[in-house]
Structures are given as structure tokens and as C-alpha cells.
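# Per-entry structural report
Chain by chain, the residues:
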Amino acid sequence: MKNVFLGLLLLLPVSAFAGNYNIECTAQVYESFSDGSSRQNKVPMAVEVENAAHIVLSADLEERAFILNGPKEGPFRISIIEAPNYTKGSVSTADFSKDGRLQLSTVNGPLIYKLECFKN
């Protein structure tokens, strides 16, 4: 009986373990200039690992690595780390707000780097 239960458990879709939601993240860079203009660059973060219990999303944007890593139910480790050595940056532990949003930002002069995720 135990083996039958384990076999059925393995057939359940990932969403059965993940609270029936998806996580979508973006890596973003904003830059403001002294003349009042600005620019924005934004890319979706790719799913590197996803299984019943764990998820990893990442993106590289303008010499920064953006990473969300953790158990599906949170909390998550989120980071924005500078290339090429990946030894300088911001790392935090976070969870989604009641509105389904999670964010980490770092500021370097006129540049703002932002990792933003939504749970839907």
C-alpha cells in the first residue's frame, strides 16, 4: 500500500505541490541622466531548476547576475551580483507579499538594478 501511495504521489503535477501558482521574475536596469532622460532594460528570468520542492530562476543583464533560489513555499534567497567575479552585490532572504510580489533593488549612482517577481 505504501508503494502505491508513493507511486501516485510521483504522478501528481508540480503545481499540486506548489500551491497552484507560478512564479515569474524579471531582471531590470534603470538609469537616469542629468538632462532628465532615462533608459530601462528588462529581461525575463529563466527557470533553471524546478521540481516539486525547489525553484531557481536566473538572468544575466548588463554584467549582473539576478537569481531567485529556494523552496517553492519560500522563503527565497534573492541576489544581484556583479560579474565577472561574482563577489560583490546584494543578497537577501525574502518572501512574497500578500499581493504576490517580491523585490530586491540595488543602487549604484544613477543606476538602479531590480529583481522583481510575481506569484500568480
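Quick summary incoming for the structure in this document. This is a predicted model, so every value here is computed, not measured.

## What to know about the state of the cysteines
- Enumeration over the complete set of coordinates arrives at one disulfide.
- One disulfide in the model links C25 with C117; its S-S distance is 2.0 Å. Disulfide C25-C117: the torsion about the S-S bond is 110°, which places it as right-handed. In this pair, C25 sits in strand β1 (residues 23–32) while C117 sits in strand β9 (residues 111–119), placing the two residues 92 residues apart along the sequence.
- Of the residues examined, C117 reaches a relative accessible area of 0% and is grouped as buried.

## Considerations on the sheet that holds strand β6 (residues 76–82)
- In space, the five strands of this open sheet follow the order β3-β4-β5-β6-β7, with antiparallel pairing throughout. The open sheet terminates on both sides in strands that have one partner only, identified here as β3 (46–50) and β7 (89–94). In this sheet, adjacent strand axes meet at a mean angle of 15° when their direction is disregarded.
- In this sheet, strand β5 (residues 64–71) lies alongside strand β4 (residues 54–60) in antiparallel orientation, the contact comprising seven bridges. Paired with A59 across the bridge in β5 is F66.

Reading guide: rules and limits
Residues numbered from 1 in each chain as written. Predicted model: local features only at pLDDT ≥ 70, side-chain atom pairs only at ≥ 80, totals over all residues. Heavy atoms only, no water. Disulfide = S-S within 2.5 Å. Helix = DSSP H or I, 4+ residues; strand = E, 2+ residues; numbered from the N terminus. Buried < 20%, exposed > 50% of the residue type's maximum accessible area, 1.4 Å probe, protein only. Pairing = 2+ DSSP bridges. Axes fitted to C-alpha atoms, helices over the stretch in contact; angles between N-to-C directions.

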